[in-house]
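For reference, the chains in residue letters:
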Amino acid sequence: MQATINPQDILKKHFGYEQFRPLQARIIDEVLNNKDTLVLMPTGGGKSVCFQVPAMLLPGITLVISPLIALMKDQVGALKANGISAAFLNSSLDNKEAEAIVQQCYRNEIKLLYLSPERLNATMTGLLTKLPVSLIAIDEAHCISQWGHDFRPEYTKLGSLKKQWPKIPLIALTATADKITRKDIITQLGLVEPNVFVASFDRPNLSIEVKFGIKKKKRIEEVVHFIKERKNESGIIYCLSRAGTEEICADLKQAGVDAAFYHAGMGSEQRNKAQEDFINDRVKVICATVAFGMGIDKSNVRFVIHNNLPKNIEGYYQEIGRAGRDGLPSETILYYSIGDVIMLRKFIDESGQKELNQEKLNRMQQFSEANICRRKILLAYFGETLQNDCNNCDVCKHPRANFDGTTMIQKALSALIRTGEKIGFNMLIDVLRGSHKKEIIEAGFDKIKTFGAGNEISFSDWQQYLLQMLNLGLIEMAYDDGYSLKVSEFGKDLLYGKRQFDLVALESAPVYIPSQKRDLLTSNTTDLTDKLFDYLRGIRREFAEKENVPAYVIFSDATLKEIAQRKPIAISDMIHINGVGEFKLHKYGNRFVKEIKQWLRSKDVRAPKADTYKETMTLLNAGYSVEDIALTRQLQVTSIYSHIAYLYKNNSIESLDSYINESEIDRIRKAVKETGETKIITPLFVHLREEVPFHMIRLGLAFMEKAGEI
Ligand code: ADP
Ligand code: ZN
């Protein structure tokens, strides 16, 4: 590999992947050509490889600027697990630890150094300037822009990097950036004629579902049911408020679900614990505010549930993007109620950039209420068009039907006018359904003509229909008048019978596949694979605990699934699995292969026998010593040498230099001449006064045989 080492080799050797994803190879080429680069890729798209692979090929050190401490720790952990020397410097280290790392950098022992932006203050910059920097990578680059949704003041200082190292290529990466933010990143970082790569933001492995107006009690029941049907799988539940996270967490725990909560109001110790527990699979579900997640690199998050409407589409897409980073199918559900909309509007009214935020919320709401493929809307928002419907969102799965809603709309609008347009959603529905609540009687609303005119429709269905009416512009919400509803001009047209209007029928189809049906969908073989997957999870956890890293750092879920599916019973099968590089093969391969063989035997599955020579060959190539191979394969050392002799004779091994030297061969050659023995080892062994071990004699004979001497 020495002379011709290239990005593809690095990808296979250190990351265990056969192929680059679209754009990765081109980005890496540009970086290696010293060009500044801006990379826009969705979460899970594979941004890290874009600077980690060049880092391995460049002579000096690669600085990686990343905003959150937890992310650095995980990324460095994952790199080390792949046999790459990496370290981080941030406020979590004391001076002595930091100094030790700086020294290591000076000795050129570190390929990637992760830094928080705070660390780039004057003194550190002084120290860092002496380092042989080859590349600078800025992760989460949108944090530099006030236009983005996650501005961080510390990031603005990063503009000085390009001044400090004008000749060093800089690569900026982000998962969210609209056009203005994109431009802003380039200007503020001072990128020079950068190449901008925009990957598709589509994440087809994520299912998308939006559910409106489901009452709290039912919602909890649904969520509990959902989680329990997915045993061993972890997920995030996002809530709008801190109190909300604690509340839902308590509800889940009461229902027997293993959950924790996380929000910015907690002490940092408590917060870190919650995060670590989640990352390390000690707790399955985390109920969190949006403060949670940017520092999470966990690749096996299988579901993200929003318990409330997010503020904008950027945030929503990034949050659901935390599911399924390993590319396996993952589920996302968004629950929201009109209460969320009102609450968010209040927040926005009190915030800066009111109009912009208001508009973003509107778009979010439109998305949630839309009747066309949701993925199409999301991708359109990011400037991409999806040709076909996705078939993996609730709209695609349950197409909506329209019906003539004119009479219904008229009832609602008329009730609204008769109550003086001073009431909100809930009271309007109570009037339409003929409720005898105290406040209705006191206001005299039970006397109006449309009182009870809509009692055949349930409360929650009314909520949905009224929301559609709001979106269609038939009614308006007076944000400045206690959120009361008003009939628009357009609504008046309809009320006075000038036109007909369609509403979207509400579906009453069950949302979850009941468990019996799920079982039917899985055949025997997938059942075996699933069971093996569960079993191997345990082995993975054992390694993770021993090494004190999250389980997915050992093998991602995707890799573990592939292992369970392909059931490698030989190291040589294992090496072809995605995500198994040489380093990990060496470290874990044997144990997994052994476990799989045993497990299959315990299930009475006959596994084919592996080719014993090929197996030894693969291990030799992976850098195992003969003794390691013997230990690994539970064979005698002499057997391994006889494999080597065989492989040599069959041209699979080029030379025996590393096993036997010239003078040893000479000695054996002499013994062969003197005894006339060319096949059987024992007489030669005796003739050589038992001084030359058996295996050496075998190798000597192989050498002579191949050379045509015997
Ligand atoms: P991002 O930083 O863009 O969110 P990551 O760099 O964490 O994404 O990559 C997401 C996942 O995809 C990781 O598990 C990573 O190992 C995997 N991955 C990256 N590149 C490839 C590739 N070429 N082939 C297979 N998997 C890849
Ligand atoms: Zn769709």
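Please read these numbers as outputs of a predicted model, since none were measured by experiment. (Residues numbered from 1 in each chain as written. Chains lettered and ligands numbered in written order. Predicted model: local features only at pLDDT ≥ 70, side-chain atom pairs only at ≥ 80, totals over all residues. Heavy atoms only, no water.)

Undergrad: Please clarify how the overall build of the chain should be interpreted in this entry.
TA: Along its length, the chain carries 33 helices and 17 strands. Considering only C-alpha atoms, the chain reaches an extent of 125 × 65 × 45 Å along its principal axes. Within the chain, buried positions represent 53% of all 710 residues. Within the chain, contacts between residues at least 6 apart in sequence are counted, and of these 71% link residues at least 24 apart. Accessible area for the chain stands at about 33,000 Å²; split by element, carbon and sulfur atoms hold 50% of it. Positive and negative charge centroids in the chain, built from 94 and 89 side chains respectively, lie 1 Å apart. (Helix = DSSP H or I, 4+ residues; strand = E, 2+ residues; numbered from the N terminus. Buried < 20%, exposed > 50% of the residue type's maximum accessible area, 1.4 Å probe, protein only. Contact = heavy atoms within 4.5 Å. Areas by Shrake-Rupley, 256 points an atom, 1.4 Å probe, with all protein chains shown as cover. Lys, Arg positive; Asp, Glu negative; His and termini not counted. Charge placed at Lys NZ, Arg CZ, Asp CG, Glu CD.)

Undergrad: Would you take a moment to explain the site of ligand 1 for this structure?
TA: Near ligand 1 there are 15 residues, and of these Tyr17, Gln19, Gly44, Ser48 and Arg325 occur at the shortest range. In this structure, Gln19 approaches ligand 1 through a main-chain N or O atom, which is 2.8 Å from a nitrogen atom. The separation between an oxygen atom of ligand 1 and a polar side-chain atom of Ser48 is 2.7 Å. A total of 3 residues in the shell around ligand 1 trace back to one element, the largest contributor, which is helix H3 (residues 47–57). (Near = heavy atom within 4 Å. Polar contact = N/O pair within 3.5 Å; in protein donor to acceptor, adjacent residues only side chain to side chain.)

Undergrad: Looking at this structure, I do not really get the domain arrangement of the chain. What am I missing?
TA: Assigned domains of the chain: these are domain 1 (7–198), domain 2 (206–397), domain 3 (402–512), domain 4 (526–621) and domain 5 (636–706). If you average the C-alpha positions of domain 2 and of domain 4, the two centres end up 33 Å apart. Taken together, the contact pairs 13 residues of domain 2 with 12 residues of domain 4. Between domain 2 and domain 4, a total of about 970 Å² is buried, with carbon and sulfur atoms accounting for 47% of that surface. Our count for the contact surface shared by domain 2 and domain 4 stands at 2 salt bridges. Among the ionic pairs, Asp557 bridges to Arg302, the shortest N-O distance being 3.2 Å. Applying the counting rule to domain 2 against domain 4 returns 4 residue pairs in polar contact (both at pLDDT 80 or more). Looking at the side of domain 2 that touches domain 4 residue by residue, the classes come out as 2 nonpolar, 4 polar and 7 charged. (Domains from an automatic or database assignment. Buried area = accessible area lost by both parts, 1.4 Å probe. Salt bridge = Lys/Arg side-chain N within 4 Å of Asp/Glu carboxyl O. Nonpolar A, V, L, I, M, F, W, Y, C, P; charged D, E, K, R; others polar.)

Undergrad: Looking at this structure, I do not really get the pattern of salt bridges. What am I missing?
TA: As a working rule, side chains carrying opposite charge can pair if their charged atoms are close by. Taken as a whole and assessed by the stated rule, the structure comprises 36 salt bridges. Its salt-bridge partner being Arg591, residue Glu595 comes within 2.8 Å of it at the nearest N-O pair. One end of the pair is Glu595 and the other is Arg591, both in helix H27 (residues 582–602) and 4 residues apart, which spans about a single turn. Through salt bridges with shared partners, a single network forms among Arg302, Asp326, Arg540 and Asp557.

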